[in-house]
Amino acid sequence: MAGARITRVVVRQPKLRYRLHRDFVERLERQTVRAVERRAKYLLMELSSGDRLLMHLGMSGSFHYYKSSRLEAHDHVIFEMSNGFIVAFNDPRRFGFMLLLAPADHATHRSLTRLGPEPLSQTFDAASLAKALARRKTSLKMALSDQRVVGGLGNIYVVEALHRARLSPNRAASTLVTANGTPRPALFDLVQAIRDVLREAIRRQYRAGDDNPFRVYDREGERCPRRGCPGTIRRIVQGGRSTYYCPACQR
Ligand SMILES: [Zn+2]
């Protein structure tokens, strides 16, 4: 889409997580897409008008592109591009959304302010994570799920990273930081584990409906996958979300 002009927008279903903006089609048609970027869990499309389209895939959203029009069920918003591509936003559960931001709202929109560093960027390391966790009295699971601590880390990947790093989700976040505010050794392992689970997820391109590809997520009652560990995966609820962990090897 980047560099191409949007020649036509077809809205088949305006009710996504939020209803599409009243002038959604008008503000998109005839605009050139200057860039498409990702920040945390958001996709951002910069338009020649200065507007930005903020998008989120929700639980089941995805984009598909076609060279000719052959739309599928749950293709809710369709962008016809000047380069001949047809790009469709598909979302069976409709938890995804698209919001048009005027230039004045770019810097202040609540979705984009106070986001922590990108977990795969250079700015995310043990020292920066130690700074973010030092003040936290909450559990490690809750702290890592907070987008202000690290941007774009979802529930499943927090659970998977904690298992790899052998850290209990119940542990107080501040216990990974020394009194001087420097990272304890386990925090270096945690940073590596977070990077590893994300890189693997990107490589494998999980899709809704695949067999469970995770080591501990959604595996309550199963044997711990760590070699030699006699533990059984347990499920608890933290902040309304399911956590899966092995009480035997995660401390
Ligand atoms: Zn275990």
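As the structure is a prediction and not an experimental result, all values here were calculated from the model.

Calculation rules
Residues numbered from 1 in each chain as written. Predicted model: local features only at pLDDT ≥ 70, side-chain atom pairs only at ≥ 80, totals over all residues. Heavy atoms only, no water. Salt bridge = Lys/Arg side-chain N within 4 Å of Asp/Glu carboxyl O. Helix = DSSP H or I, 4+ residues; strand = E, 2+ residues; numbered from the N terminus. Buried < 20%, exposed > 50% of the residue type's maximum accessible area, 1.4 Å probe, protein only. Pairing = 2+ DSSP bridges.

Caption draft 1: View of the pattern of salt bridges. Applying the stated criterion to the full structure yields twelve salt bridges. Arginine 52 is the salt-bridge partner of glutamate 37, the closest N and O atoms lying 3.9 Å from each other. Of this pair, glutamate 37 sits in strand β2 (residues 33-39) while arginine 52 sits in strand β4 (residues 52-56), placing them 15 residues apart in sequence. Judged by its relative accessible area of 36%, glutamate 37 falls in the partly exposed class. Across the pair arginine 219 and glutamate 222 runs a salt bridge, and its minimum N-O distance is 3.2 Å. Relative accessible area serves as the criterion here: at 19%, arginine 219 is assigned to the buried category.

Caption draft 2: Structural context of the pairing of strand β6 (residues 75-81). With respect to burial, β6 is a largely interior element, six of its seven residues being buried. In terms of strand pairing, strand β1 (residues 6-11) meets β6 through five bridges, oriented antiparallel. Pairing of valine 10 across the sheet is with isoleucine 78, part of β6. The pairing of β6 with strand β7 (residues 86-90) spans five bridges and is classified as antiparallel. Counterpart to phenylalanine 79 in the pairing with β7 is valine 87. Adjacent in sequence and paired antiparallel, β6 and β7 are bridged by four residues, among which glycine 84 carries a positive phi angle near 95°.

Any functional reading would require information that these geometric values do not contain.
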